[in-house]
Amino acid sequence: MSDLPQVSNAIPAKAPRSRWVGKLVKASLSLLFILALWQAIVWIFKMPAFILPSPGAVLAKLVSRWDVLAHHSWVTAQEILLGLLLGLSMGLCFALQMLLFQPLRRWLLPILIASQAIPVFAIAPVLMLWLGYGIASKIVMAALIIFFPVTTCCYDGLRNTPRGYLDLAHTMGASPWRVLTQVRLPAALPALASGIRVAVVVAPIGAVVGEWVGSSEGLGYLMLQANARMLIDEMFAALFILASLSVALYFTADTLLNKLLPWQGSSN
Amino acid sequence: MNNTSVSGPRLGIAIEHASLRYHDAEQPVLANVNMQIGAGRWTTLLGRSGCGKTTLLRYLAGLLDGQVESQGRFSINGEAGIGDLEHQVAYMAQQDLLFPWLSVLDNVCLSARLQGDKHNPQIRAKALELLEQVGLVAQADALPAQLSGGMRQRVALARTLLQDKPLVLMDEPFSALDAVTRHQLQELAAKLLKDKTVVLITHDPQEALRLSHQIYVLQGQPASANALPALEGEPPRRFNAELAELQENLLSMLEASHV
């Protein structure tokens, strides 16, 4: 087949290292900007330290209380990660069931919507009552809050497999099981990935709300305690860690997903 | 051209007085269709968009089971019924339908993968051979997103060839390509699918004339098939004055069918 031109018009991939550095530079620049703005507000409006402590004071607190902060961060991080794991697997199972057992869908859909209609804040005390003040109630809380976005994204992805793919699989004599595992599930992965991106951002909310309602550990607990004792700089230190945790989680998830699913966004 | 695909049992289809109607429609899409799809030959269905040619193709591919009601007589190699057709068909669509999460090689081996036989070294060796024939062996490990439209359709052709089915159904497989690439692919497909029974759908008279042994024009409401006189010579044909004249005739025929 020498008469065919061997034109390689592969999409040139940017060197991953330089892209990483660029991202990092941008992120640190915006962080610096926010810190500068914060400091400026403190100076210009002469904010008292018990309303808005300066970034320097918060940094000092981060350093001096790092052992306490680290302990509580670890607890909250566990809650978030386990909540994500639970919520994602629940969402995936739910979506699969709705796809595989169409009649069941009519029964499951109201449950799904109800899980979203009742505010998480409202069920938090019930969860404390049932699951105790430990880590379990917070995990369930984080799982519940991400359950809906994950399920809907995943279900949409599974349901909207391009018809051409299914036709092709049919003419190739694929069994329903192989259609599911080899066609529908991989085709749904980009949709699931958007669900995960949302979940990763929302899950910390669930965990912290859980800690506010009742706990003896975690960043949410620490913030309440610090607030009650007027340790505003400590509260901000906890808040800063929580925000960093969420951002780090999002970027890790995003990078991993982009690496694992390089075909996202490309379609026929 | 050393064609490695051994020609299996040949397969011809006869369609007599056939009509197809979707369950939810009052009017049939196709009525009183008579066609001879010759074994080992290229039969082309030509017609304007929406005339029902895709319906007929999808019906033959077994993709309309439970959606249409058929009447008339369909027979394979003289035996009535097309129930056996399901496992003897390879299908090539307008979109290349490459799975973006699989490498080029894995896409070519898709039929084996969907049969649960994805690690068979013989099949992979054959797939590489086919990729060689379509000139893409260097891209075997690339993802489809890294290929151009013409390359992707060539991968789809290799995937179709790997299935090695006696009947190949093609639904406008070249229509989304630019003129030069389309020309190359027509040539390549004609060479590689020489021993197969091919049913090609197209709305391009030139493509039909270049590639077919037999052309049917689908026209009317509901559509029926009009056979054109058989063409001489072996496809792929060079486009000469004679074919140009035939193309003129075909175009005016198609224009007349939709006033």
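The rules we used
Once a new chain begins, its residue numbering starts again from 1 and follows that chain's sequence as written. Whichever chain is written first becomes A and whichever ligand is written first becomes 1, with later ones labelled in order. Owing to the predicted nature of the model, reporting of local features is limited to residues with pLDDT of at least 70; listing and counting of side-chain atom pairs is limited to 80 or more, with chain, interface and lining totals taken over all residues. Note that the side-chain values use all heavy atoms of the structure and ignore hydrogens as well as water. Strands here are runs of E lasting at least two residues and helices are runs of H or I lasting at least four, both read from the DSSP assignment and numbered beginning at the N terminus. For the radius of gyration, the atom set is restricted to C-alpha positions; the globular benchmark scales as 2.2 Å times the number of residues to the power 0.38. Whether two residues touch is decided by their heavy atoms; if any such pair falls within 4.5 Å, the residues are in contact. Charged-residue counts in this description rest on Lys and Arg as positive and Asp and Glu as negative, His and the chain ends being excluded. Throughout, a charge is located at the NZ atom of Lys, the CZ atom of Arg, the CG atom of Asp or the CD atom of Glu. With a 1.4 Å probe rolled over the protein chains alone, any residue whose accessible area is under 20% of its type maximum counts as buried; one over 50% counts as exposed, and the rest are partly exposed. Once two parts are put together, the accessible area they lose, assessed with a 1.4 Å probe and summed over both, is termed the buried area. A side-chain nitrogen of Lys or Arg and a carboxyl oxygen of Asp or Glu constitute a salt bridge if their distance falls within 4 Å. Polar contact is defined as a pair of N or O atoms within 3.5 Å, subject to the rule that within protein one atom must be able to donate a hydrogen and the other to accept it, and that residues adjacent in sequence are counted only when both atoms are side-chain atoms. Between the first and last residue of a helix there are one fewer steps than residues, each counted as 1.5 Å, and that sum is the expected span. Confidence scores labelled pLDDT are given residue by residue by the predictor and lie between 0 and 100. The residues that make up patches have over 30% relative accessible area and no salt bridge, and they are joined within 9 Å when like-charged or within 5 Å when they are Val, Leu, Ile, Met, Phe, Trp or Tyr. In short, Shrake-Rupley with a 1.4 Å probe defines the accessible areas, and a residue's cover is counted only from the protein chains shown. By definition, the arc is the one covered by directions from the helix axis to the C-beta atoms. Two strands are counted as paired when DSSP detects at least two bridges linking them. Axis definition: a line fit to C-alpha positions, over the contact stretch in the case of helices; interaxial angles, taken between N-to-C directions, run 0 to 180 degrees. Take the buried Ala, Val, Leu, Ile, Met, Phe, Trp, Tyr and Cys residues and link them wherever side-chain atoms come within 4.5 Å; each set so joined is a nonpolar core.

## Let's talk about the overall build of chain B
Within chain B, the regular secondary structure consists of eight helices and 10 strands. Its C-alpha atoms give chain B a radius of gyration of 18 Å, near enough to 18 Å, the size a compact globule of 259 residues would have. Seen through its principal axes, chain B has C-alpha atoms that stretch 50 × 45 × 30 Å. Residue pairs at least 24 apart in sequence account for 71% of intrachain contacts in chain B once pairs closer than 6 positions are excluded. Between the centroid of the 22 positive side chains of chain B and the centroid of its 28 negative side chains there is a distance of 4 Å.

## Remarks on the overall build of chain A
Across its full length, chain A carries 10 helices and zero strands. When the helices and strands of chain A are read in sequence order from the N terminus, they spell out α-α-α-α-α-α-α-α-α-α. Against the 2.2 N^0.38 benchmark of 18 Å for 268 residues, chain A shows a C-alpha radius of gyration of 23 Å, more extended than a compact globule. Each of the three principal axes of chain A carries a C-alpha extent, and together these read 75 × 55 × 30 Å. The burial tally for chain A puts 39% of its 268 residues in the buried class. Intrachain contacts of chain A at a sequence separation of at least 6 include 72% that bridge at least 24 residues.

## What about the interface of chain B and chain A?
On the chain A side, the residues contacting the 39 residues of chain B number 30 residues. When the two sides are added together, the surface that chain B and chain A hide from each other amounts to roughly 3,100 Å², 61% of it contributed by carbon and sulfur. When residues of chain B are sorted by the area they lose upon contact with chain A, B:Leu97, B:Trp101 and B:Leu114 head the list and together hold 23% of the total. Summed over the shared surface of chain B and chain A, the number is one salt bridge. The partner of B:Arg58 in a salt bridge is A:Asp167, with the nearest N and O atoms 2.7 Å apart. Across the chain B-chain A interface, the total number found is three residue pairs in polar contact (both at pLDDT 80 or more). Every element with two or more residues in the side of chain B that touches chain A is listed here: β6 (89–92), α3 (110–114), α4 (121–133), α5 (149–163) and α6 (179–192) of chain B. Looking at which element gives the most residues to the side of chain B that touches chain A, the answer is α5(B), with five residues.

## Things to note about α5(B)
All names here are of chain B. The end-to-end C-alpha distance of α5 is 22 Å, a good match for the 21 Å that 15 residues give at a rise of 1.5 Å each. Among the 15 residues in α5, 14 count as buried, and that is most of the element. Looking at the residues trailing α5, positive phi occurs at Asp-164, about 50 degrees.

## Here we look at the confidence of the model for chain B
In low-pLDDT segments, the atomic positions of the prediction should not be examined closely. Residue and element names in this part refer to chain B. Here chain B averages 86 in pLDDT, while 96% of its residues score no lower than 70. Low pLDDT, under 50, characterises residues 1–7; the stretch is placed with 14 contacts to residues that sit more than four places away or in other chains. Predicted as a complex, the structure gets a pTM of 0.81 and an ipTM equal to 0.87.

## Considering the side chain of B:Gln247
Relative to the helices and strands, B:Gln247 resides in helix α8 (residues 241–257). Discounting chain neighbours no more than four positions away, the residues touching B:Gln247 are B:Pro205, B:Gln206, B:Leu209 and B:Phe239.

## Topic: a nonpolar patch on the surface
Taken together, the side chains of A:Phe33, A:Ile34, A:Leu37, A:Ile41, A:Trp43, A:Ile44 and A:Phe45 make up a nonpolar region of the molecular surface, amounting to roughly 830 Å² of accessible area. Inspection of the secondary structure assignment puts A:Leu37 in helix α1 (residues 16–44).

## Some details on helix α9 (residues 219–228) of chain A
For the α-helix, the turn length of 3.6 residues means that residues three or four positions removed from each other point alike. Residues and elements named next belong to chain A. Three or more residues of α9 are buried, namely Leu-219, Gly-220, Leu-222, Met-223 and Ala-226. The arc that holds every buried residue of α9, seen down its axis, measures 160 degrees, which confines them to one face. At its buried positions, α9 is contacted by α3 (66–100), α8 (176–213) and α10 (232–260). Backbone geometry just downstream of α9 places Met-230 in the positive-phi region, at approximately 60 degrees.

## Here's the deal with the environment of B:Asp171
Residue and element names in this part refer to chain B. By the secondary structure assignment, Asp-171 is in strand β7 (residues 167–171). Overall, the relative accessible area of 11% leaves Asp-171 in the buried class. Between the alpha carbons of Asp-171 and Asp-195 there is a distance of 19 Å; along the sequence they are 24 residues apart. Discounting residues that sit within four places of it in the chain, Asp-171 has contacts with Thr-54, Leu-57, Tyr-91, Met-92, Ala-93, Gln-94 and Ile-201.

## As for the sheet that holds strand β2 (residues 30–37) of chain B
Pairing between the strands of a sheet is mediated by backbone hydrogen bonds and can be parallel or antiparallel. Residue and element names in this part refer to chain B. Overall, antiparallel pairing links the four strands, which are arranged β2-β1-β4-β5 in an open sheet. A strand with exactly one partner marks an edge of an open sheet, and here the two such strands are β2 and β5 (79–80). Pairing analysis gives eight bridges linking strand β1 (residues 13–22) to strand β4 (residues 68–76), with the strands arranged antiparallel. Note that in β4 the partner of Tyr-22 across the bridge is Val-68. Here helix α1 (residues 53–60) sits on the sheet in contact with β1, β2 and β4, set at roughly 110 degrees to β1.

## Focus: unusual backbone geometry
Residue and element names in this part refer to chain B. The backbone of Asn-32 sits at a positive phi, close to 50 degrees, despite the residue not being glycine. Position of Asn-32 relative to the elements: it lies in strand β2. According to the relative accessible area criterion, Asn-32 is partly exposed, its value standing at 45%.

## Overview of the nonpolar core
If you look at the biggest cluster of nonpolar residues, it comprises 83 residues, and the most contacted ones within it are B:Ile15, B:Leu30, B:Met35, B:Leu85, B:Leu167 and B:Leu169. When residues in this core are grouped by element, the largest group, 12 residues, is from α8(A). When residues no more than four places from it in sequence are discounted, the contact partners of B:Leu85 are B:Leu11, B:Ile13, B:Leu60, B:Ile76 and B:Leu167. Ranked by size, the runner-up nonpolar core spans 35 residues in total, among them B:Ala90, B:Leu130, B:Leu157 and B:Ala189.

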